[in-house]
Amino acid sequence: MSRMVVNATVNGEPVEFLAGGGQSLLDALRDELRLTGSKEGCGTGDCGACSVIVDGRLVCACLMLAPEAEGTRIETIEGLADNGHLHPLQHQFLEQAALQCGFCTPGLLMASKALLDRNADPTESEVRYWLAGNMCRCTGYDKVVRAVMDAAADLRQAEKPR
Amino acid sequence: MSDGNQGGVNLKVVGQRPIRPDGVDKVTGRAQFGADFHLPGMLTGRIKRSPHAHARVVSIDTRAAEKLPGVKAIVTSADFDAGAAGEVEAGESHAAMKEVAANCLAHGKVLYQGHAVAAVAATQPEIAAEALDLIEVTYEVLPHVIDVEAAMAADAPVLHDDMYTKGVTPKPGKASNVAAKHVMGRGDVAAAFKAAGVIVEGSYETAAVHQGYIEPHACVASWGADGQSTIWCSSQGQFLVRAMVAKILNMPLSDIKVIPAEIGGGFGGKTTVYLEPVALALSRKCGRPVKIVMSREEVFLASGPTSGAVMDVRLAATKDGKITGAEMTLKYQAGAFQGSPVNLGLMTAFACYDVESLALTGYDVVSNRPKVAAYRAPGAPMAAFAVESAIDDLALKLGMDPIDLRLLNAVRDGAKTVYGATVRCCALVETLEAIKASPHYQTPVGKGQARGVAAGFWFNVGGESSAAVHVDEDGGVTVVSSNPDIGGSRASMAMMAAERLGLPIERVRCTVADTTSIGYSGSTGGSRVTFATGMAVVEAAQKIVADLKRRAAQTWECDIAMVEWKDGVATCIDPAKDVKPLSMKAIAGKSAKTGGPIAAEVSLNAQGAAAGFGVHVCDLEIDPETGRTTVVRYTAAQDVGRAIHPAYVEGQLQGGAAQGIGWALNEEYVYGKSGLLENASFLDYRMPVASDLPMIDTILIETKPNPRHPFGAKGVGEVPIVPPLAAVSNAVSRIVGRRMTSLPMSPAKVLAEMAK
Amino acid sequence: MPRVTSISGRIADFTGGVSAFQVEARTVRALMRELEGRFPGLGDFVEDQMALAIDGEIFQDALGAEIGADSEIVLIPKIAGG
Ligand code: FES
Ligand code: FES
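Student: A description of the layout of surface pockets should follow, citing residues and the corresponding values.
Tutor: Taken as a whole, the largest pocket encloses approximately 1400 Å³ of empty space. Lining the largest pocket are 47 residues; nearest its centre among them are D27(A), D31(A), T44(B), R46(B) and P125(B). The element best represented in the lining of the largest pocket is strand β1 (residues 43-49) of chain B, accounting for six residues. Its residues assigned to classes, the lining of the largest pocket shows 18 nonpolar, twelve polar and 17 charged.

Below you can see the structure in the form of structure tokens.
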């Protein structure tokens with residue numbers, strides 16, 4: 001099987017890996033780079049468990065081909081905490097018990113980060129529509145939505161000039 | 001228990017909302033789920049599945065596949081121990097192991113599309129996929145039957161020619177698809193109907209729905225040359241996996257170590273095996289670790305779902321609304337092998353109500369669908385849908401408030417259930433009253449909207465559990481649980497231990513042990529973990545306290561009765577002794593000198609689980625153009641005994657309600673004429689997403705703690721999926737102006753009803 | 001004497017249709033023995049596949065549980081769950 005060398009930046013670090021032509025970015029992250037925090041719930045772009053941010057854009061890693069990652073900047077769940085300090089989203093998910101099994105959580109966190117990166121003050125319904133591509137079967141979304149809105153408030157607070 | 005059930009007073013940890021011990025791993029991507037394990041030399045396993053709904057397997061030719069470079073092993077049902085028999089506890093019923101084996105790899109016949117026929121292990125996923133194509137299976141296609149009533153018909157194609165309906169005398173002379181008939185009841189139903197002031201009746205049906213856990217089934221199995229094997233897998237019970245694999249592969253239990261991975265949802269669907277025996281059989285053939293992960297399509301085709309049902313219900317009541325008698329018939333799909341939860345449907349159907357005369361009949365029916373698996377309160381939601389719809393009809397007929405009607409008929413302590421249990425520590429009345437008093441119910445229904453109410457019941461169970469508590473040398477504590485943590489149980493275990501030991505929660509950690517590191521435990525299911533495993537944790541903590549007191553007494557050379565343990569500190573209450581209190585840390589640091597390590601393990605078979613009751617209210621609106629229903633407000637109240645970690649209890653209510661709303665409105669298995677599933681993907685099998693739902697308000701009723709649990713806990717996980725089906729449909733029926741009798745109430749169905 | 005009834009029609013497969021009877025047993029273990037003795041196969045079936053309600057309380061896999069002189073025993077399907 002012909003495989004090609006892919007160079008990209010993952011969570012701020014340069015990486016080089018071999019990818020098959022038909023291999024998804026998700027498989028490359030999980031199997032080649034052993035970044036198993038991104039999950040596969042469907043492989044067809046429907047559940048969002050594989051959500052990562054590529055060049056600032058939220059994508060389903062299961063739908064992107066690994067070779068397409070050449071030259072990109074990829075953010076995954078493994079890079080969300082900053083040197084061991086949890087991101088406000090991670091903190092709020094824990095505080096609010098916004099996860100039960102936790103399988104959807106990495107994807108939900110990355111999707112929420114992508115939202116807050118572009119909208120610092122989303123309404124409840126903006127959060128709900130933005131996260132509509134991220135399925136969670138355990139929580140009924142109530143605590144997830146609250147956690148995202150509270151994390152947004154935390155971030156706004158932190159941004160405020162003192 | 002001396003200070004158990006403290007009525008909520010003086011509890012310092014129980015009832016708080018600390019961060020779960022496994023939380024950081026789960027928000028940082030470090031938590032290892034079933035598909036996340038990787039071993040050196042590991043192979044990829046893939047499964048060849050039937051393209052037919054029903055066929056005889058004439059031959060399986062694996063020669064071409066075996067020759068493909070990179071293919072290391074191929075197995076079929078011939079590689080399972082043919083004599084495998086016996087029973088292992090599983091889900092809602094006792095699955096015959098032979099059938100579990102034949103479900104993992106078909107034996108002689110394939111009984112549904114997606115039924116596994118062979119499996120391969122290869123060095124690369126692509127090679128495994130190619131090998132599957134090279135395996136040649138010759139089928140003789142047989143007529144199939146999908147729907148439950150069609151499967152019961154006299155001329156239906158019969159799936160198992162050795163299946164004679166159980167529970168009928170005399171024994172039938174002819175094989176059929178009706179695996180069993182169940183009858184239960186009491187009183188004089190005919191008389192009740194004769195004397196009735198009002199009678200309501202209806203026929204209902206629900207579609208088969210999938211548990212819908214986001215994590216597909218996954219495992220890694222590694223066979224050792226001496227037979228000692230290890231399995232890493234995502235399941236609701238590591239001991240259950242061990243038992244089933246041992247039976248299917250005819251191995252001693254002690255040769256199999258099952259390491260529970262984190263589990264990405266189960267809801268009952270992971271209380272059996274699909275992949276594990278196959279992966280281990282492959283590994284046994286080639287001596288290398290084998291990983292198998294299902295695709296989402298495989299999850300839909302070959303795991304889960306729960307029964308679709310066809311139901312008739314008839315109620316007799318007095319003019320003022322007292323229900324005096326009821327008749328009900330349930331026909332539940334079992335899937336390809338017997339074992340639908342129909343008996344649980346019968347037992348739960350009227351469990352919320354004190355009805356004198358009941359005549360209940362249930363049929364367990366096989367058809368060419370995947371074998372059903374347990375799904376959250378197995379069997380109860382569909383039966384409750386029918387009963388709660390009928391009660392809604394009764395309320396309409398009598399012009400009564402639906403809560404008042406339910407209050408009039410609600411079971412109270414001392415009532416007899418149809419299945420022989422006596423109701424105790426039941427807070428159904430309080431739960432109904434809480435909904436009635438809720439801001440939601442007190443707010444008038446919005447313009448163009450309608451409101452539905454329904455109640456639900458689940459037994460909750462206890463059973464076998466083990467737990468250990470280890471005191472570290474620095475006075476911290478590790479709790480070892482025997483149950484996979486599916487929704488925060490590490491937190492509740494640690495909290496109960498911390499409460500009993502008098503420690504802050506940060507000093508107590510909790511881990512989930514593999515099958516070699518803790519005593520046996522039943523699965524994480526039946527809403528039993530906080531109750532039964534929690535009981536083991538508390539008893540172990542109790543033993544630790546006794547041991548700590550003994551050591552303090554030894555140190556002080558006083559009578560143990562003079563030692564008091566409070567807030568993690570031993571104090572001598574003998575006024576004659578002038579000694580300083582001893583902290584956990586001080587005692588633990590000197591443990592070598594007072595008898596060695598401080599640890600306790602408790603194994604028990606917990607009895608005394610208390611049933612739970614829930615009442616939900618739902619406001620919704622329907623777009624008259626599209627027929628699409630939108631739930632705009634939802635409140636769930638539940639009798640929980642005591643909430644150990646209220647946030648996770650609320651989460652159970654919210655998650656159960658969301659699943660129930662999906663069941664009511666969208667989810668269903670859709671089959672085409674050829675007996676093939678038409679919607680085996682998340683895109684086409686429509687589960688609720690964030691934009692489909694409102695916030696789900698919760699009310700936890702803690703007025704009746706369970707006296708048989710040290711802190712009063714009842715199971716909470718299953719009840720909340722029982723009421724939503726009818727809560728939603730009762731509201732939809734109001735808007736449509738006609739009783740909705742068939743789930744899901746998809747937009748097309750709603751439009752059709754509105755047009756009538 | 002303790003009285004046994006069943007809510008499951010399945011036991012009729014073993015008893016030839018009898019659905020209520022009296023027993024001597026004073027523990028669940030003795031009850032299983034007695035059932036097996038009277039209706040071969042029934043004791044094992046009940047022990048493996050059923051639970052009991054003794055005077056309104058459910059017991060699962062509790063062979064040691066006691067039965068009173070006037071206890072009402074109901075054989076019920078085992079309850080597990082999701
Ligand atoms: S795995 Fe990528 S969307 Fe589901
Ligand atoms: S927490 Fe389990 S799927 Fe979201």
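Student: Account for the pattern of salt bridges, naming residues and giving values.
Tutor: All names here are of chain B. Scanning the model with the defined rule gives 47 salt bridges over all chains in all. Put simply, R734 and D392 hold a salt bridge, and the shortest N to O gap is 2.7 Å. Here R734, found in helix α19 (residues 724-736), pairs with D392, found in helix α11 (residues 380-398); they are 342 residues apart in sequence, far enough to count as distant. Given the relative accessible area of 31%, R734 is considered partly exposed. Put simply, K704 and E430 hold a salt bridge, and the shortest N to O gap is 3.8 Å. Taken together, the residues span a long stretch of sequence, with K704 in the loop between β28 (696-701) and α19 and E430 in helix α13 (residues 428-437) at a distance of 274 residues. Under the relative-accessibility criterion, E430 is labelled partly exposed at 24%. A single salt-bridge network, built from bridges that share partners, covers R20, D22, K26, E262, D485 and R490.

Student: Now, about the confidence of the model for chain B: what can you tell me, with residues and values included?
Tutor: Across chain B, the average pLDDT comes to 95, with 97% of residues at 70 or higher. Across residues 84-95 of chain B, confidence stays below pLDDT 50; counting only partners more than four residues off in sequence or on other chains, it has 48 contacts.

Student: I'd like a description of the interface of chain C and chain B, backed by residues and values.
Tutor: Contacts between chain C and chain B engage 24 residues on the former and 37 residues on the latter. Around 2200 Å² of area is buried between chain C and chain B when both sides are counted, 55% of it from carbon and sulfur atoms. One can count one salt bridge joining chain C with chain B. Residues E57(C) and R708(B) are paired through a salt bridge, measuring 2.8 Å at the closest nitrogen-oxygen approach. Put simply, the parts of the chain that give the side of chain C that touches chain B at least two residues each are α1 (12-15), α3 (42-49), β4 (57-59) and β5 (72-77) of chain C. Per-class residue counts for the side of chain C that touches chain B are eleven nonpolar, six polar and seven charged.

Conventions we followed
Residues numbered from 1 in each chain as written. Chains lettered and ligands numbered in written order. Predicted model: local features only at pLDDT ≥ 70, side-chain atom pairs only at ≥ 80, totals over all residues. Heavy atoms only, no water. 1 Å grid on protein atoms, 1.4 Å probe; cavity = no way out; pocket = protein on both sides within 12 Å on 5 of 7 lines; lining within 4 Å. Points joined across faces, edges and corners; volume = space filled by probe spheres on them. Helix = DSSP H or I, 4+ residues; strand = E, 2+ residues; numbered from the N terminus. Nonpolar A, V, L, I, M, F, W, Y, C, P; charged D, E, K, R; others polar. Salt bridge = Lys/Arg side-chain N within 4 Å of Asp/Glu carboxyl O. Buried < 20%, exposed > 50% of the residue type's maximum accessible area, 1.4 Å probe, protein only. pLDDT = per-residue confidence, 0-100. Contact = heavy atoms within 4.5 Å. Buried area = accessible area lost by both parts, 1.4 Å probe.

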